[in-house]
Amino acid sequence: MGVLDRLRGEGYNFLDRYVFGSSYDEQLEIRRKNLCADAFVASSNAVSIGGALVNIDGDGNRVAALSFGPRRVYLFVGRNKICDDLEKAIYRARNVASVGLAIQYGMNTPCAKPGTCHDCASPDRVCSYVSIIEHCTPPGRISLFLINEDLGL
Ligand code: SF4
């Protein structure tokens, strides 16, 4: 969508965790600062028709920021992430998004080769933190933009 390029190029105080060559510790520090940002931009792993957001993180930084911290949250979500109900949204977040991430990053997890979750305890586990948001408090803090394209995991 070009969002990263615009945030980098248009004079924002952008807390960019994708800085080339940065160490894990440096990225961790940026993630910590993200929690006090005015605005947080991300996607959601799954959205139920009823409006619940389901997200799974390896480190928990995104699910933390979605729940509390940044004043505003903007989520950009492709149509492929819309699920019929909460149960299917949880299934998608685990078995499509998390497994896909493990494959994409070549993690040493049991799901990375067969492509199915084995509920592992691997040190590389990509899905340690599970979040379900059923209601936005305070009202209007989270804005969800549904995009009529298949986008992301
Ligand atoms: S629990 Fe383990 S096997 Fe299952 S999706 Fe997460 S990392 Fe993969």
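Refer to the structure printed above.
Looking at the sheet that holds strand E7 (residues 142-147)
An order of E1-E4-E7 is seen for the three strands of this open sheet, with the pairing classed as parallel. Two strands in the sheet have a free side with no partner beyond their single neighbour: strand E1 (39-42) and E7. Direction aside, the axes of adjacent strands within the sheet are offset by 15° on average. Where E1 and strand E4 (residues 72-78) come together, four bridges link them in parallel fashion. Counterpart to Ala39 in the pairing with E4 is Arg72.

Quick word on the pattern of salt bridges
A side chain with one charge may pair with a side chain of the opposite charge, provided their charged atoms come close. Using the criterion set out here, one finds nine salt bridges in the structure. Note that Arg8 and Asp16 form a salt bridge whose closest N and O atoms lie 2.6 Å from each other. Judged by relative accessible area, Asp16 falls into the buried class, the value being 10%.

Quick notes on the site of the ligand
Every residue close to the ligand is listed here: Ser98, Val99, Thr109, Cys111, Cys117, His118, Asp119, Cys120, Arg125, Val126 and Cys127. Across the shell around the ligand, the residue classes tally to six nonpolar, three polar and two charged.

Things to note about a nonpolar patch on the surface
A surface patch of nonpolar side chains, about 370 Å² in accessible area, is lined by Ile49, Ile82, Leu144 and Leu146. Along the chain, Leu146 falls in strand E7.

Description of the sheet that holds strand E3 (residues 53-57)
Spatially, E5-E2-E3-E6 is the arrangement adopted by the four strands of the open sheet, whose pairing is mixed. Every interior strand has two partners, whereas the edge strands, strand E5 (82-83) and strand E6 (129-133), have only one. Here strand E2 (residues 46-48) pairs with E3 via two bridges, running antiparallel. In the sheet register, Val47 faces E3, and the bridge partner there is Leu53. Here helix H4 (residues 86-104) sits on the sheet and contacts E2, E3, E5 and E6; the angle it forms with E3, its principal contact strand, is near 30°.

Observations regarding H4
Within an α-helix, residues lying three or four positions from one another point in the same direction, as the helix has 3.6 residues per turn. Taking 1.5 Å per residue as the helical rise, H4 with its 19 residues ought to reach 27 Å, and the 25 Å between its terminal C-alpha atoms agrees with that figure. Largest kink in H4: about 30°, centred on Arg92. Those residues of H4 not exposed but buried are Ala89, Arg92, Ala93, Ala97, Ser98, Val99, Gly100 and Ala102. Here the buried face of H4 lies against E2, E3 and E5. Two to three positions downstream of the cap, the backbone nitrogen of Glu87 sits 3.3 Å from a side-chain oxygen, assigning the N-cap of H4 to Asp85. A positive backbone phi angle near 60° is found at Gly106, which sits one or two residues after H4.

Rules used in this analysis
- Residues numbered from 1 in each chain as written.
- Predicted model: local features only at pLDDT ≥ 70, side-chain atom pairs only at ≥ 80, totals over all residues.
- Heavy atoms only, no water.
- Pairing = 2+ DSSP bridges.
- Helix = DSSP H or I, 4+ residues; strand = E, 2+ residues; numbered from the N terminus.
- Axes fitted to C-alpha atoms, helices over the stretch in contact; angles between N-to-C directions.
- Salt bridge = Lys/Arg side-chain N within 4 Å of Asp/Glu carboxyl O.
- Buried < 20%, exposed > 50% of the residue type's maximum accessible area, 1.4 Å probe, protein only.
- Near = heavy atom within 4 Å.
- Nonpolar A, V, L, I, M, F, W, Y, C, P; charged D, E, K, R; others polar.
- Patch = residues over 30% accessible without salt bridge, like charges linked within 9 Å, V, L, I, M, F, W, Y side chains within 5 Å.
- Areas by Shrake-Rupley, 256 points an atom, 1.4 Å probe, with all protein chains shown as cover.
- Contact = heavy atoms within 4.5 Å.
- Expected span 1.5 Å × (residues − 1).
- Bend = angle between axes of the 7 residues up to and from the residue.
- Polar contact = N/O pair within 3.5 Å; in protein donor to acceptor, adjacent residues only side chain to side chain.

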